[in-house]
Amino acid sequence: LEGRILERELTFGHFLELVLTLRGTNNATVKDIVDLRKFIKTSHEKLNKEVRMHRLASFRTASKAQSVLHGTDGPAHPSACGGRHACDVNE
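A brief look at the structure comes next. Every value quoted in this text rests on a predicted model; they were computed, and no experiment measured them.

## Remarks on the overall build of the protein chain
Move 1: Scanning the protein chain from N- to C-terminus turns up two helices and zero strands.
Move 2: For the protein chain, the residues scored as buried account for 3% of the 91 residues in total.
Move 3: For the protein chain, the exposed surface amounts to about 8,400 Å²; the carbon and sulfur share of it is 58%.

## Focus: the pattern of salt bridges
Move 1: The tally for this structure, following the rule as stated, stands at three salt bridges.
Move 2: The shortest N-O distance in the salt bridge between Glu 9 and Lys 46 comes to 4.0 Å. Remark: Lys 46 occurs in helix 2 (residues 30–70) and Glu 9 occurs in the segment before helix 1 (12–20); sequence separation between them is 37 residues.
Move 3: Residue classification places Lys 46 among the partly exposed residues on the basis of a relative accessible area of 36%.
Move 4: Between Lys 41 and Glu 45 there is a salt bridge, with its nearest N and O atoms 3.1 Å apart. Placement of both Lys 41 and Glu 45 in helix 2 is noted, with a separation of four residues, approximately one turn of the helix.
Move 5: A relative accessible area of 42% means that Glu 45 is categorised as partly exposed.

## Considerations on the packing of aromatic side chains
Move 1: Considering all chains together, one arrives at two aromatic pairs under this definition.
Move 2: Ring plane angle 45° and centroid distance 6.5 Å describe the contact between Phe 12 and Phe 15, whose orientation is recorded as tilted. You can see Phe 12 and its partner Phe 15 sitting in helix 1, three residues apart, about one turn around the helix.
Move 3: Judged by relative accessible area, Phe 12 falls into the exposed class, the value being 60%.
Move 4: Taken together, the ring pairs connect Phe 12, Phe 15 and Phe 39 into an aromatic cluster.

## Concerning helix 2
Move 1: If you check helix 2, its first and last C-alpha atoms are 59 Å apart, about what 41 residues at 1.5 Å a residue would give, namely 60 Å.
Move 2: Just downstream of helix 2, Gly 71 is the residue with a positive phi angle, here 85°.

Parameters at a glance
Residues numbered from 1 in each chain as written. Predicted model: local features only at pLDDT ≥ 70, side-chain atom pairs only at ≥ 80, totals over all residues. Heavy atoms only, no water. Helix = DSSP H or I, 4+ residues; strand = E, 2+ residues; numbered from the N terminus. Buried < 20%, exposed > 50% of the residue type's maximum accessible area, 1.4 Å probe, protein only. Areas by Shrake-Rupley, 256 points an atom, 1.4 Å probe, with all protein chains shown as cover. Salt bridge = Lys/Arg side-chain N within 4 Å of Asp/Glu carboxyl O. Phe/Tyr/Trp six-rings, centres within 6.5 Å; stacked < 30°, edge-to-face > 60°. Expected span 1.5 Å × (residues − 1).

Below is the structure:
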């Protein structure tokens, strides 16, 4: 299995159980810590990728909504559309 990435779903309860086996009389080995670090790193990277995809999708949806409200090129002047719209989320 060396060099292959295996992906497996792990519930929080099972993860916590695995972490707790590292304490007490069970001595953690360097391999245990390396495996835990790899798991956390992989999970963090996967979560970041999903967040980026959702942010991009949200941005695209907001851009489409803004295009619909303003027309493809937007109004010639802000007063042409009354100055404010639902797409003006920062105000």
